[in-house]
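Take a look at the letters that make up each chain.
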Amino acid sequence: MADDKDVLRDVWFGRIPTSFTLYQDEITEREADPYYLLLPRVSYLTLVTDKVKKHFQKVMKQEDMGEMWLEYEGTSLKWHYPIGLLFDLHASNTALPWNITVHFQNFPEKDLLHCTSNYVIEAHFMSCIKEADALKHKGQVINEMQRKDHKQLWMGLQNDKFDQFWAINRKLMEYSVEEGGFRYIPFRLYQTTSDRPFIQKLFRPVTAEGQAHTLGDLLKEMFPAAVTPDDGEKKYQVVIHGIEPMLETPLQWLSEHLSYPDNFLHISVIPMPTD
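Residues numbered from 1 in each chain as written. Predicted model: local features only at pLDDT ≥ 70, side-chain atom pairs only at ≥ 80, totals over all residues. Heavy atoms only, no water.

**Some details on the overall build of the protein**
When you go through the protein residue by residue, the secondary structure sums to ten helices and eight strands. What you see for the protein is a C-alpha radius of gyration of 20 Å, in line with the 19 Å of a compact globule of 275 residues. In terms of its C-alpha atoms, the protein occupies a principal-axis envelope of roughly 65 × 50 × 35 Å. Considering only contacts in the protein between residues 6 or more positions apart, those separated by 24 or more positions represent 69%. (Helix = DSSP H or I, 4+ residues; strand = E, 2+ residues; numbered from the N terminus. Rg over C-alpha atoms; globule rule 2.2 N^0.38 Å. Contact = heavy atoms within 4.5 Å.)

**Brief notes about the sheet that holds strand β6 (residues 187-191)**
Judged by pairing direction, the sheet is mixed, and its three strands sit side by side in the order β6-β8-β7 without closing on themselves. Of all the strands in the sheet, just β6 and β7 (236-239) have a single pairing partner and so form its edges. On average, each strand axis in the sheet is tilted by 20° relative to the strand beside it, whichever way the strands run. Across the sheet, helix α9 (residues 215-222) touches β6, β7 and β8 (265-271), and the angle it forms with β6 is around 60°. (Pairing = 2+ DSSP bridges. Axes fitted to C-alpha atoms, helices over the stretch in contact; angles between N-to-C directions.)

**A look at the pattern of salt bridges**
Counting across every chain of the model gives eight salt bridges. In this structure, Arg-41 engages Asp-88 in a salt bridge whose closest nitrogen and oxygen atoms are separated by 2.6 Å. Residue Arg-41 is located in the loop between β2 (35-40) and α2 (45-48), and its partner Asp-88 is located in helix α4 (residues 83-91); the two are separated by 47 residues in the primary sequence. Relative accessible area serves as the criterion here: at 8%, Arg-41 is assigned to the buried category. With relative accessibility at 1%, the residue Asp-88 sits in the buried group. Among the ionic pairs, Lys-148 bridges to Asp-149, the shortest N-O distance being 3.7 Å. Overall, Lys-148 belongs to the exposed group, its relative accessible area being 55%. For Asp-149, a relative accessible area of 9% translates into the label buried. (Salt bridge = Lys/Arg side-chain N within 4 Å of Asp/Glu carboxyl O. Buried < 20%, exposed > 50% of the residue type's maximum accessible area, 1.4 Å probe, protein only.)

**Digging into the UniProt feature "domain: Autophagy protein ATG5 alpha-helical bundle region" (unreviewed entry) in the protein**
The sites that UniProt annotates as "domain: Autophagy protein ATG5 alpha-helical bundle region" (unreviewed entry) are residues 120-174. The span residues 120-174 carries 84% helix and 0% strand; its end-to-end C-alpha distance comes to 28 Å. (UniProt positions renumbered as here; feature names shortened; annotations may be inferred.)

**Here we look at the packing of helix α5 (residues 118-137) against helix α7 (residues 147-158)**
As a packed pair, α5 and α7 sit with axes 11 Å apart at the nearest point and diverge in direction by 120°. What the angle tells us is that α5 and α7 run oblique. With respect to the hand of their crossing, α5 and α7 are arranged in right-handed fashion. Residue-level inspection shows Asn-118, Ile-121, Glu-122, Phe-125, Met-126, Ile-129 and Lys-130 of α5 in contact with α7, the latter providing His-150, Lys-151, Leu-153, Trp-154, Leu-157 and Gln-158. Taken together, the residues of the contact of α5 with α7 sort by class into seven nonpolar, three polar and three charged. (Parallel < 35°, antiparallel > 145°, perpendicular 65-115°, else oblique. Left-handed = near helix turned anticlockwise from the far one by under 90°. Nonpolar A, V, L, I, M, F, W, Y, C, P; charged D, E, K, R; others polar.)

**Quick look at α4**
Of all nine residues making up α4, eight are buried, and the element is well covered by its neighbours. Buried residues of α4: Ile-83, Gly-84, Leu-85, Leu-86, Phe-87, Asp-88, Leu-89 and Ala-91, and no others.

In structure tokens:
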């Protein structure tokens, strides 16, 4: 278990060096310096950017400030996606720091959900955990927990407390020897080249014969183009938490070790860089 916990800890403490710059057309009283932050991969933008907001508020008039939203190279960044997923999808092949543009005006209503408080993030996060547990255990584990356990999951994420979070989350990762894994793997597969937000279907961790399903098995069924044929050219990178796992990796292991705190495996399928 020591090795397992090391993997979980490494995933939890993954950080992305990020530079925040105010959009050049925002009305300011004086020039604003960029703001630098190490963003936690497992968290959400609106949960960790209070310091960014305060930094740029200093140079703006109150009446010119609407809801803050963030953008990278013309793409509005969805706050309800984990930070690591956003980076993997949109910036994984760029040099660090990740250069994010900050806006306080012209909120993109068609592209982004409003996030008026941390309660909105908490509600989204708990909804994902409940959906994941419905797939894994028919919702039995999360429903048997007390409200204080649900709160501990959220507070562990919000306050970046690994041990506090995993003291409860480990229960959501358990299964009996007879079961051999979860009922279904909670996963979402994302592509930047598609208008569809993501692919999510029922997929078991083992075959009817009891053989472990792998990442490659999942891709062959959900997005075959991501699997490079033996005599073909690699067209896509398949990235989870900034790494490209081997396609032979069992899905059950990936779900237990590389899921985000919302208990989903968020898998990015990115076209290979052309240069």
